[in-house]
Every structure is written in C-alpha cells, then in structure tokens.
Amino acid sequence: MSSRSIFTRPARLAAIAPYLWMALFFLVPFAFVLKISLSQTAIAQPPYVPVFDPAEGWDAIKTAFAALSFDNFKLLVTDDLYVLSYLRSLVVAAISTAILLLIGYPIAYGMARLPQRWQSVAMMLVIVPFWTSFLIRIYAWINILQHDGLLNQILLALQLVATPVVWLSTDSAMYLGIVYSYLPFMILPLYATLAKMDRSLLEAASDLGASPLRSFWLVTFPLSLPGVGAGALLCFIPIVGEFVIPDLLAGSNSLMIGQTLWLEFFTNKDWPVASSAAVILLLLLLAPLLLYDRLQRRQLEAR
Amino acid sequence: MMGQAGITTEDVAKSASGADSPNGEPQAAADVPLLRIEAVVKKFGGFRAVDGLSLDVRAGEFFALLGPSGCGKTTLLRMLAGFETPDEGRILLDGKDIARVAPHERPINMMFQNYALFPHLGVRDNIAFGLKRAAMPGAEIEARVAELIALVKLEGLEKRKPDQLSGGQRQRVALARSLARRPRVLLLDEPLAALDKKLRESTQLELMELQRRLGLTFIIVTHDQEEAMTMAGRIGVMDSGRLEQVAAPRELYEAPRSRWVAEFVGDINLFEGQLERREGGHLTMAPRLTIATREAGILQVAEPRQPITKENLCVAIRPEKVKLSRRGPAASDNTNALNRLEGVVTDVSYLGGVTAYKVKLDGGAVLRSSMANTARLDLDAYGVNQRVVAWFSPEDCVVLEQ
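This brings us to the overall build of chain B. The helix and strand inventory of chain B stands at 9 helices and 20 strands. Long-range contacts, defined as pairs at least 24 residues apart, comprise 66% of the intrachain contacts of chain B with a sequence gap of at least 6.

In structure tokens form, the structure reads like this:
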C-alpha cells in the first residue's frame, strides 16, 4: 500500500499539470480578454469601462456586469475594415500553407530517403537558421529585397532586368518571408511521418504492378496525410495571426488581422475592439483545430 | 482445409499455369525450366551476399530455400522479385532474362515476411491493388477478389483495415493479395514466421494444398528446416551465398553431401577419423570401409556411391539410428550391429514421442541417441549413470570427406 501512495500522488499531479497550466496561462488571461472585449473604450486608466473592483462590493460588480455589451462584436462583423482584415489573413495563411506544402513535401521526402547518417545532418540544416533571431532574419530579408539590395544587384549584374525591381513592400516579399520563416514547421512533421514509413509497403506496391509514381500516389501520399495535416495546421494557425512579417515586408494598403489588432491596441488605444478582434480570431482558429483533433482521434480509433 | 472453397479455383489454376496469364507469357517448353538462375552474384560493398549461385526451378514446384540468417537466401529472393539487381549472372524466366526488369513489370509476386499490407486500405482493396494496376475491368476485379476472399476464408472481413485483423487473418490477406495477379512464380519470404506454432502447422498444410490445387510455382524462404521439409518438394540449403545442396527432403536428411549440411539439417553425431581399409564388394558382402576414429574407435561403414578421394573422413550417424541396450544387441541384430560402443548415460530428456539420451563413450566422445517411446510403460528406460552399449549398422552411417 505504501508504494502505492508514493507513486500515485506525483502521477496524479503530473496528469493534472497540463490542465493547471492551461487554466493559469490560457483560460484566466482569456477571461480577462473576453471581459475587456465586452467593455466600452474610455479615456481612463485602464482605458475601458466598466471596471470590476471587488472592493466596491457585490452590487457594484452587478451593475458593472449589466454594462457589458456585444457592441464591439457588432462593429467588427459589420465594418468592412475588420471583415477584410480577417479575410485577408485567412487567404494569406491558406496560400502560404499551400506554398509551404509544395516546397516542404519534396524536401521532407528527400530527407526521409537519405541514408540514416545524412538524415540528422539534413535535420540540422533545417533547424540551424533558427538559432538566429527571427527579427534579424526578417531584417536580413529587407536588406536583400530593398531597392539596391542583394537580389536586385544580382539581377542587374546578370542583366536579367534593366532597372531595379520593386520587391520590398509587396505581397511577394511577404509570402517569401512567411514561407522562409515557417518552412521548418512544415518540414519536420512531414519528415516525421515519411521517415517512419515502412519501405516494404513501397516494395509491395511495385511488386503488385505499380510504377514508382503510382506507388507514391497510392501508398506514400495517403499514408503521409497525418503529417500533411499536422504541418498545415502548425503553419496555418500562426500565419493567420502573423503580425511582424506582413508589417515589415508587405505594403500598407491592406492589413492582416494581426496588424489591425496592433493598430487598435497601440495606435487607437481601443482595448475593447482589439480584444474582441482577438476573441473572434480565436474562434476562427478553433474550427481547424477541432477538425484536426477529430482526424487524429479517428486515426487513433482505427489503430 | 481450403479445399472446400473450390468454386472457381479451377480458373485460378488454369490461368496460373500459363494460358491466359495477365502478362501473356507463352507456356514454357517441357525441357526449359520455368526459372533458371545462372551464376548470380550480388555484392553489398565487399560482402558477397549471393556468390555465383545457379539453380533451376521447374513449373509447379514447391521449392524451399533453407539456410541460417545471413546466408543470402532473402537476397536471392529479392533478386527474383526485382528489388535487388544481380551484379553478375542471369535470371531466366521462360528463357528470357529478367534480371534487370523492374519489379512492377515482372509476372512474379511476393508475399512479404511482415506481410506489408497497406494500412490505409481495407482487406478488399489490399487484394484488389494488383488487379487495378493490371487495368482489369471493374466487374472482373470484383469477381476475382470475391473468389480470393473465399479461397483464404476471409468472408465478412472485406472492409476491415489490416490493424483490425489477427495475425493469422493478416497472413491470409497477404497470401490472397500475392495470388491475385496469378503470378508465374510466387515468392514467400518466411511466410509463417509470425504465426504461433499450432497455426503455423495448419497453415503449412493449407499452403501445400493451395499450391498443389492451383498448380502454381512456389519458392519459399525459411530458416525453419521442419517447415521446409514439410512443405517443399525440393530444398536448396544455402550457406554464405552458395547452395550447399539441392535435394528432396529425405535425401537431404539421409544423404547430406557435406559436413555443413549434415550438421545444419537435423541432429547428428560426427566422428572424425582416417580410412583404414576397404573390403568386400563381392557377391556375399557389400563394399565396406573401416575407419579409425579419434573418439569412437574403429567404425564400419557402407561405402558411399561417390568414391572417396581423401584420407581424412568424418562418420556421421543420426541419433535415431543409434540404439542402446544394457548388454549389447540381441543375437538377431548381430549382423547389423557391427559398430558397438560402450559408455555411460549422462543425460536423459523425455520429449514425449521420443527420449533423447546422451552417452559418454569410453573413447571420450558424447554420442546422442534418440529412441521412440513406443510403449506407454517403459520398464526398460535407461537412467543417468547406466552403463550401456550403443550400436548402429554400417548402412546407417554416412561418410563425409573433411
């Protein structure tokens, strides 16, 4: 019995630790954000009303509750600025994810087929750029893409263009930055599924008359779909909320929701609208997350 | 067991034997073996996994490649399937060299050791995989798959995924899938290794029955000699990339050609020695050799068919051919019991059907004997430390050159 009490307690603690973590660092902050999103902006400290103050007693809190409203959400779904920001974020994330998949899949596939000792080298090559700060790498891209930057110098030297091309502050630059930054998040889950795939399955497919290309489509690709899903979500979700890359590399004529949120919060000092924008973003991202969760659960059940 | 499923299996048999195989191969002429392996070499770096191996396999044969792990048998099988390309030599199927033909273009199918079932496809789609690649009309595929599912008795499980099946069921799916394209040769790589003993034994019989009924050519790779002997018509024993001996099971066991084969297949007692003299060879007496062994004294053995060329010989005798008694053989056995060795029983293992004895001979060697337990009550059983006479006839000995 004594051994039981020794082992079950830490085990139980370990089991609830993630929930505690989630409650403390996600649910509680989210409750704050949700409350602010239902408040009204005010020139005050903090810059919104009502404020819950437990010191003023139960009745004051009840009146404060009554003052909460969904006005900010109504504004967000009716004002074109916000709707377009959301749409642009989703479109940018979708296109980026598609490009990432097209580039990342062949790389992951190639890595998985390397001899064992070269696989870890390739893995390092994918990860090493991340030892440099993300911001420094984006600024490096600004350097490369600017008017008299490296890219234009090379293009001019090779006489591929006559005058410098405008790269910076375009969508192309933004997509380049996003794809560059998120590629490892696409490659690593894809590599993980492709590397553990049983090679005898491909031999079986070819034994049964499938050419190498057909074997890929009929066996390798379907079996790598969990990795495709994981990689796509791992990229899609943060790209939707991406702020730094579009801000530094894209033009200023259309904004992603992350940028809009930043503007509302820091420039307009409108915390309630910024908070409700964040809440809606979270709800939007919940859908793909639940989808992924369901797919994974189905796979586990099949096992 | 699978014999009762015989609805349309004649179909399978008919086309498997050539007439309308999917690849339209002509029927092999009687004198050309279906499969001829000629001086094939496969190197991995400096290691010669298959080392100048030649072998003919006839149509309709059940052939087993037997050998210890690492002997090259799986490499040979993979070359037949097309997963490895020989560095030297030819592989002829119906007289045509297929050594460099891609696996998906060969009329040969393989059943993989781990079955290699497609985990994302159900039983039906796994079996239909090869048929769809052969551009067969849908209705025909349906019919063929249904027939195969009946053949391996998986009715009702068509939609199950491989991970929802038992090991034995997976093995059947793999078998049905590899049979679906009606291959000229079916390769089986340790097909029963993953099954438990009872299931393995019944599946051995089913495989034999299936092979005989469909008239297919099977080449099986195994390290289990009992399995090879049970199923195969001929066995090729491999060691270090070469075929040591190709023979029917009985010949392999009773007339091994080398000391290595003798020791690899079954249990055996070996006594090294020199040829002393040769006698007989006339009407009243078969030719007989007398061999002076280091540990078992003078032994009389029947002269082997192929002439002895070397001085250093090895006398081999299987344990079940060595009889034990307390006071020597009965008078009626006298002519057979020319070899008599005395010793003390050191170990007795009762194994059910037989009892295995180890006898420490006075000459120093340990002799193994196994005797059938023919009666339920054996008052005559020998115990440890019992002094016994072990005897065996010259005809039961095999003489091997060192």
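Read on for the rest.
This brings us to the overall build of chain A. Looking only at helices and strands, chain A has 13 helices and 2 strands in total. Whereas a compact globule of 303 residues would reach a radius of gyration of roughly 19 Å, chain A reaches 25 Å, over 25% beyond that. Projected onto the principal axes, the alpha-carbon positions of chain A cover approximately 80 × 75 × 35 Å. Per-residue burial for chain A yields a buried fraction of 28% across its 303 residues.

This part covers the sheet that holds strand 2 (residues 47-57) of chain B. Residues and elements named next belong to chain B. If you trace the 4 strands from one edge of the open sheet to the other, you get 2-1-4-5, paired in antiparallel fashion. Taken across any chain shown, the strands that pair with only one partner, and hence form the sheet edges, are strand 2 and strand 5 (96-97). The pairing of strand 1 (residues 35-44) with strand 2 spans 8 bridges and is antiparallel. Opposite F44, over in strand 2, you have F47 as the bridge partner.

Attention shifts here to the environment of L179 of chain B. Residues and elements named next belong to chain B. Mapping L179 onto the fold places it in helix 5 (residues 167-179). Sequence separation of L179 and L148 is 31 residues, and the distance between their C-alpha atoms is 8.0 Å. With residues up to four places along the chain from it excluded, the contact list for L179 reads L148 and L186.

Contacts between the two partners involve 16 residues from chain A, matched on the other side by 19 residues from chain B. Counting only elements with at least two residues in the side of chain A that touches chain B, the list comes to helix 9 (199-207) and helix 10 (212-240) of chain A. Of all the elements, helix 9 of chain A adds the most residues to the side of chain A that touches chain B, at 6 residues. Taken together, the residues that form the side of chain A that touches chain B break down as 8 nonpolar, 4 polar and 4 charged.

Moving on, we come to the pairing of strand 8 (residues 217-222) of chain B. Residues and elements named next belong to chain B. For strand 8, a buried count of 6 out of 6 residues is recorded, marking the element as mostly surrounded by other parts of the structure. Side chains T217, I219 and V221 project from strand 8 onto one buried face, and the interleaved F218, I220 and T222 project onto a second face that is buried too. Across 5 bridges, the pairing between strand 3 (residues 62-66) and strand 8 is parallel. Across the sheet, the residue bridging to L65 is V221, located in strand 8. Note that strand 7 (residues 185-189) and strand 8 share 5 bridges and pair parallel.

Glancing now at the nonpolar core. Within the largest apolar cluster, 107 residues are counted, with the highest numbers of intra-cluster contacts made by A176, L187 and I219 of chain B. Taken domain by domain, the makeup of this core includes at least three residues from each of domain 1 (2-254) and domain 2 (267-401) of chain B. Residues contacting A176 of chain B, with those up to four places away along its chain left out, are I127, L148, I149, L151 and V152 of chain B. Ranked by size, the runner-up nonpolar core spans 45 residues in total, among them I36, Y48, L100 and I187 of chain A.

On to the confidence of the model for chain B. Residues at a pLDDT of 70 or more form 89% of chain B, whose mean pLDDT is 87. With a pTM of 0.80, the predicted complex shows an ipTM of 0.79.

Here we take up the sheet that holds strand 12 (residues 288-293) of chain B. Residues and elements named next belong to chain B. Here we have 5 strands laid out as an open sheet, ordered 13-12-11-14-20, and antiparallel in their pairing. Each edge of the sheet is formed by a strand with only one pairing partner; in this case those strands are strand 13 (297-302) and strand 20 (398-401). Across the sheet, the mean angle from the axis of one strand to that of its neighbour is 45°, orientation sign disregarded. Inspection of the sheet shows strand 11 (residues 269-279) paired to strand 12 by 6 bridges, in the antiparallel sense.

This brings us to the pairing of strand 6 (residues 108-111) of chain B. All names here are of chain B. Going residue by residue along strand 6, you find I108 and M110 tucked away on one face and N109 and M111 tucked away on the opposite face as well. Relative to strand 7, strand 6 is paired through 4 bridges, and the arrangement is parallel. Its bridge partner lying in strand 7, N109 is registered against L186.

Residue and element names in this part refer to chain A. Running from N to C, helix 8 (residues 171-195) and helix 10 point in directions that differ by 155°, and their axes come no closer than 8 Å. Here helix 8 lies roughly antiparallel to helix 10, going by the angle between them. In terms of crossing hand, the pair formed by helix 8 and helix 10 is right-handed. Packed against helix 8, whose contacting residues are I178, Y182, F185, M186, P189, L190, A192, T193 and L194, the element helix 10 presents S224, P226, G227, V228, A230, G231, L234, C235 and I239 at the interface.

Quick look at the environment of S325 of chain B now. Residue and element names in this part refer to chain B. Within the fold, S325 resides in strand 15 (residues 323-325). A tally of 16 C-beta atoms within 10 Å means that S325 is categorised as partly exposed. Sequence separation between S325 and A381 is 56 residues; the distance between their C-alpha atoms is 9.5 Å. Leaving out residues up to four positions away in the same chain, S325 has contacts with V388 and V389.

A few words now on unusual backbone geometry. Residues and elements named next belong to chain A. Here the residue pair Q45 and P46 is connected by a cis peptide bond, since its omega of -5° sits within 30 degrees of zero. If you trace the backbone, P46 turns up in the loop between strand 1 (40-41) and strand 2 (48-49). In this structure, P50 follows V49 across a cis peptide bond, with omega equal to -5°. Take P50: it is sitting in the loop between strand 2 and helix 2 (58-67). Not every positive phi belongs to a glycine, and Q159 is a case in point at roughly 60°. Assignment of secondary structure puts Q159 in the loop between helix 7 (150-157) and helix 8.

Moving on, we come to the packing of helix 4 (residues 80-113) of chain A against helix 8 of chain A. Describing two packed helices takes the angle between their axes plus the distance from one axis to the other. Residues and elements named next belong to chain A. Viewed as axis vectors pointing N to C, helix 4 and helix 8 meet at an angle of 45°, and their least axial separation amounts to 7 Å. Between helix 4 and helix 8, the angle falls in the class oblique. For the crossing formed where helix 4 meets helix 8, the hand is right-handed. Among the residues making up the contact of helix 4 with helix 8, the classes are represented as 22 nonpolar, 2 polar and no charged.

Below, the discussion takes up the confidence of the model for chain A. For chain A, the average pLDDT comes to 89, and 95% of its residues sit at 70 or higher. Taken element by element, the predicted model of chain A shows its lowest mean pLDDT in helix 1 (residues 2-37) of chain A (81) and its highest in helix 4 of chain A (95).

Calculation criteria
- Residues numbered from 1 in each chain as written.
- Chains lettered and ligands numbered in written order.
- Predicted model: local features only at pLDDT ≥ 70, side-chain atom pairs only at ≥ 80, totals over all residues.
- Helix = DSSP H or I, 4+ residues; strand = E, 2+ residues; numbered from the N terminus.
- Contact = placed C-beta atoms within 7 Å.
- Rg over C-alpha atoms; globule rule 2.2 N^0.38 Å.
- Buried ≥ 20, exposed ≤ 12 C-beta atoms within 10 Å, placed from the backbone.
- Pairing = 2+ DSSP bridges.
- Nonpolar A, V, L, I, M, F, W, Y, C, P; charged D, E, K, R; others polar.
- Core = buried A, V, L, I, M, F, W, Y, C linked by C-beta atoms within 7 Å.
- Domains from an automatic or database assignment.
- pLDDT = per-residue confidence, 0-100.
- Axes fitted to C-alpha atoms, helices over the stretch in contact; angles between N-to-C directions.
- Parallel < 35°, antiparallel > 145°, perpendicular 65-115°, else oblique.
- Left-handed = near helix turned anticlockwise from the far one by under 90°.

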